Amino acid sequence: MHIHDENEIKTVVKSSLTRHNYYRKIHSVALLTKSEKLNDYSQNWANHLAKKDKMYHNPKNKDYGENIYYIYSTEVITDVGKDAVDAWYSEKEYFDFGWNEDDMSKAKKAYHLTQLIWKESIDLGTGMAKSSSGKIFVVSNYFPPGNEIGSFRSNIYPPSINKACNLIAIKHSLEVISITILILFKSATIFGLE
């Protein structure tokens, strides 16, 4: 038996898309668009998982990339769509962005991450269902699917936010240097050391 509220599902769909695109911006890839077809597909699988009260990938899914998340908590969960995407993204600790594509052994622990930021994936659908035991399942499907062996290098980019942070730090350093030079110049003028 699955338990869910339509408004709750809409909230999860929206927050999942927003969070996916937040991370995709960091990796300089195009934003995903919401697909009602994929939302329905994901919702059907989430309902199935809630009925079975067990998490596993859809063995019949040959057309889409798929990420699944579940949580069981006695506490109030405020944003399970965001939480799911954050959990998938946290796999970046297992992925070396300077990897050699011939050795993808590290990527196996990060397939949720790599699907999330896969450049060629453009459509996203998400579903959510609760089981009678209290487990919450979140399923996201992507088209075209990612994680295609031989295509990682052309589809996975390192985070670019570090570049932005470095530029801000450089700008700040230049401002400090400019202020220091200005102070020295004014001091020299005051003391007649021009």
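Residues numbered from 1 in each chain as written. Predicted model: local features only at pLDDT ≥ 70, side-chain atom pairs only at ≥ 80, totals over all residues. Heavy atoms only, no water.

Remarks on the nonpolar core
The condition that has to hold: In this text, buried Ala, Val, Leu, Ile, Met, Phe, Trp, Tyr and Cys residues form a nonpolar core when linked through side-chain atoms within 4.5 Å. Between buried and exposed lies partly exposed: a residue is buried under 20% and exposed over 50% of the maximum accessible area for its type, with that area taken using a 1.4 Å probe on protein chains only. Counting from the N terminus, the helices are the DSSP runs of H or I reaching at least four residues and the strands are the DSSP runs of E reaching at least two. The contact criterion used is simple: two residues touch if any of their non-hydrogen atoms lie within 4.5 Å.
With 29 residues, the main nonpolar core has Trp88, Phe95, Val138 and Ile156 as its most contacted residues. In terms of residue count, the dominant contributor to this core is helix α1 (residues 6-26) (six residues). What tryptophan 88 contacts, discounting residues up to four positions off in sequence, is His20, Asn67, Ile68, Tyr69, His112, Leu113, Leu116, Val138, Ser140 and Tyr142.

A look at helix α3 (residues 80-89)
Of all 10 residues that make up α3, seven are buried, and the element is covered over most of its length. If you check which residues of α3 are buried, you get Val80, Gly81, Ala84, Val85, Asp86, Trp88 and Tyr89.

Comments concerning the side chain of serine 42
Turning to its location among the elements, serine 42 is positioned in helix α2 (residues 36-52). We classify serine 42 as buried; its relative accessible area is 0%. Those residues in contact with serine 42 that lie beyond four places of it in its chain are Gly125, Thr126, Gly127, Val139, Ser140 and Asn141.

Regarding the packing of α1 against α3
What counts is decided by this rule: Note on definitions: angles span 0 to 180 degrees between N-to-C directions of axes, and those axes are lines fitted to C-alpha atoms, for helices only across the stretch in contact. Whether a crossing is left-handed or right-handed is set by the direction in which the near helix is turned from the far one by less than a right angle, anticlockwise for left-handed and clockwise for right-handed. When residues are grouped by polarity, Ala, Val, Leu, Ile, Met, Phe, Trp, Tyr, Cys and Pro land in nonpolar, Asp, Glu, Lys and Arg in charged, and all others, Gly among them, in polar.
Relative to each other, α1 and α3 sit at 35°, their axes nearing to 7 Å. Along this stretch, α1 crosses α3, giving a crossing that reads as right-handed. Of α3, the residues touching α1 (which contributes Val12, Ser15, Ser16, Arg19, His20, Tyr23 and Ile26) are Val80, Gly81, Lys82, Val85, Asp86, Trp88 and Tyr89. Of the residues belonging to the contact of α1 with α3, the class tally is seven nonpolar, four polar and three charged.

What about α2?
Cut-off, in case you're wondering: To estimate how far a helix should extend, the number of its residues minus one is multiplied by 1.5 Å.
For α2, spanning 17 residues, the distance from its first C-alpha to its last is 24 Å, which sits close to the expected 24 Å at 1.5 Å a residue. Inspection of α2 places Leu38, Asn39, Ser42, Gln43, Trp45, Ala46, Asn47, Leu49 and Ala50 among the buried residues, and these make up the whole buried set. Of the residues one or two after α2, aspartate 53 is the one with positive phi, at around 60°.

Focus on the pattern of salt bridges
The following threshold applies: Salt bridge, as applied in this entry: a Lys or Arg side-chain nitrogen positioned within 4 Å of an Asp or Glu carboxyl oxygen.
Tallying each qualifying case throughout the model produces five salt bridges. Taking the shortest distance from any N to any O, the salt bridge between lysine 130 and glutamate 8 comes out at 2.9 Å. Taken together, the positions of lysine 130 in strand β4 (residues 123-131) and glutamate 8 in helix α1 put the pair 122 residues apart, joining distant regions of the chain. The partner of lysine 82 in a salt bridge is aspartate 86, and the shortest N-O contact between them spans 2.9 Å. Of the two residues, lysine 82 and aspartate 86 are both situated in helix α3; the distance of four residues between them amounts to about one turn of the helix. Its relative accessible area of 19% is what places aspartate 86 among the buried residues. What emerges from the salt-bridge pattern is a single network uniting Arg19, Lys82 and Asp86.

Focus on the side chain of serine 121
The condition is simple: Think of a polar contact as two N or O atoms within 3.5 Å of one another; within protein, one of them needs to be a possible hydrogen donor and the other a possible acceptor, and neighboring residues in sequence only count if both atoms come from side chains.
Looking at the element boundaries, serine 121 is found in the loop between α4 (111-116) and β4. Classification of serine 121 by relative accessible area gives buried; the value is 1%. Within the structure, the side chain of serine 121 is placed 2.6 Å from the backbone oxygen of proline 144, a separation counted as a polar contact. When residues no more than four places from it in sequence are discounted, the contact partners of serine 121 are Arg24, Leu32, Gln115, Tyr142, Phe143, Pro144, Pro145 and Gly146.

As for the environment of serine 140
Mapped onto the elements of the fold, serine 140 is located in strand β5 (residues 135-143). Contact partners of serine 140, with chain neighbours within four places excluded, come to Ser16, His20, Ser42, Gly65, Glu66, Asn67, Trp88, Leu124, Gly125 and Thr126. At 2.9 Å, the side chain of serine 140 forms a polar contact with the side chain of threonine 126.

Digging into a nonpolar patch on the surface
For clarity, the threshold we go by: For patches, a residue must show more than 30% relative accessible area and have no salt bridge; joins then use 9 Å for like charges and 5 Å for nonpolar side chains, namely Val, Leu, Ile, Met, Phe, Trp and Tyr. We get accessible surface area from the Shrake-Rupley algorithm with a probe of 1.4 Å; when it comes to residues, only the shown protein chains can shield them.
On the surface, Met55, Tyr70 and Tyr72 cluster together into a nonpolar patch covering about 320 Å² of accessible area. By the secondary structure assignment, tyrosine 70 is in strand β3 (residues 65-72).

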